[in-house]
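Okay, here's what each chain looks like letter by letter:
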Amino acid sequence: MNVESITHEPIENTDNVLSTVIINQVSSQCILARLLIDVLGKPGIDNDMEMMGTGNTWTIIWTQSSSVIEETQT
């Protein structure tokens with residue numbers, strides 16, 4: 001897997017950030033989903049996460065507190 005791009009946008013009137021990551025060379029969507037849950041937490045419980053993609057390119061969008069942006073980038 002290869003991270004193609006990462007963007008962060010502040011959500012107005014909150015302390016949250018909308019993060020978007022495009023990942024290519026994904027050989028298994030199941031492995032990608034497990035990695036994301038390990039890193040970001042459970043969708044709907046720890047964050048609002050959405051995965052979109054086909055084949056080997058996927059876009060992941062989620063919200064999280066702005067205080068953990070450095071962790072997200074890592």
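Going by the structure above, here's the rest.
Here is a short report on the structure shown in this document.

Criteria and cut-off values
- In this convention, every chain numbers its residues from 1, walking through the sequence in written order.
- Selection of residues for local features in this predicted model requires a pLDDT of at least 70, selection of side-chain atom pairs for listing and counting requires 80 or more, and totals for whole chains, interfaces and linings are taken over all residues.
- Note: side-chain values were computed over all heavy atoms of the structure, leaving out hydrogens and water.
- Two strands make a pair as long as DSSP finds a minimum of two bridges between them.
- Going along the chain from the N terminus, every DSSP run of H or I of four or more residues is numbered as a helix, and every run of E of two or more is numbered as a strand.
- Angles shown run from 0 to 180 degrees and are taken between the N-to-C directions of axes, each axis being a line fitted to C-alpha atoms and, for helices, limited to the stretch in contact.
- Here the expected span of a helix is defined as 1.5 Å times the quantity of residues minus one.
- For every residue, the accessible area obtained with a 1.4 Å probe (protein chains only) is divided by the maximum for its type, and the residue is called buried under 20%, exposed over 50%, and partly exposed between those limits.
- By arc we mean the arc of the directions from the helix axis to the C-beta atoms, nothing more.
- We call two residues in contact whenever any of their non-hydrogen atoms come within 4.5 Å of each other.
- Only buried residues count toward a nonpolar core, which is a set of Ala, Val, Leu, Ile, Met, Phe, Trp, Tyr and Cys residues joined through side-chain atoms within 4.5 Å.

**Thoughts on the sheet that holds strand S2 (residues 16-24)**
Okay, so step 1: Strand order in the open sheet formed by four strands is S1-S2-S4-S3, and the pairing between neighbours is antiparallel. Both edges of this open sheet fall to strand S1 (2-10) and strand S3 (49-54), since each of them pairs with a single strand only. Neighbour-to-neighbour, the strand axes of the sheet open up by a mean angle of 15°, direction not taken into account.
Okay, so step 2: Taken together, the eight bridges between S1 and S2 define a ladder with antiparallel strand orientation.

**Let's talk about helix H1 (residues 29-40)**
Three or four residues apart is the spacing at which side chains of an α-helix point the same way, because the helix has 3.6 residues per turn.
Okay, so step 1: Its 12 residues place the ends of H1 16 Å apart at the C-alpha level, agreeing with the 16 Å of an ideal helix rising 1.5 Å per residue.
Okay, so step 2: Considered for burial, the residues of H1 that qualify are Leu-32, Leu-36 and Leu-40. The buried residues of H1 all sit within an arc of 40° when viewed along its axis, so they share a single face. Residues of H1 that are exposed and angled more than 90 degrees away from the buried face: Cys-30, Arg-34 and Asp-38.
Okay, so step 3: Packing partners of the buried residues in H1 comprise S2, S3 and strand S4 (57-65).
Okay, so step 4: Positive phi appears at Gly-41, one or two residues downstream of H1, with a value of about 100°.

**A short note on the nonpolar core**
Okay, so step 1: Counting residues in each nonpolar core, the largest one holds 10 residues, listed as Val-21, Ile-23, Val-26, Leu-32, Leu-36, Leu-40, Met-49, Trp-58, Ile-60 and Trp-62.
Okay, so step 2: If you list the elements that add at least two residues to this core, you get S2, H1 and S4.
Okay, so step 3: With sequence-adjacent residues up to four places away left out, Val-26 is seen in contact with Met-1, Leu-32, Gly-55, Asn-56 and Trp-58.

**Description of the side chain of Thr-63**
Okay, so step 1: Looking at the element boundaries, Thr-63 is found in strand S4.
Okay, so step 2: For Thr-63, the contacting residues outside a window of four places in its chain are Ile-11, Val-17, Leu-18, Asn-47 and Asp-48.

**Focus on the pairing of S4**
Okay, so step 1: Relative to S4, S2 runs antiparallel, the two being bridged by eight bridges. The residue bridging Ile-23 from the neighbouring strand is Trp-58, located in S4.
Okay, so step 2: As paired strands, S3 and S4 are joined by six bridges and run antiparallel to one another. Bridging from a neighbouring strand, Thr-54 pairs with Thr-57 of S4.
Okay, so step 3: Where S3 folds back on S4, the antiparallel hairpin that results is connected by two residues, among which Gly-55 adopts a positive phi of roughly 60°.

Shape descriptors only; they carry no functional weight alone.
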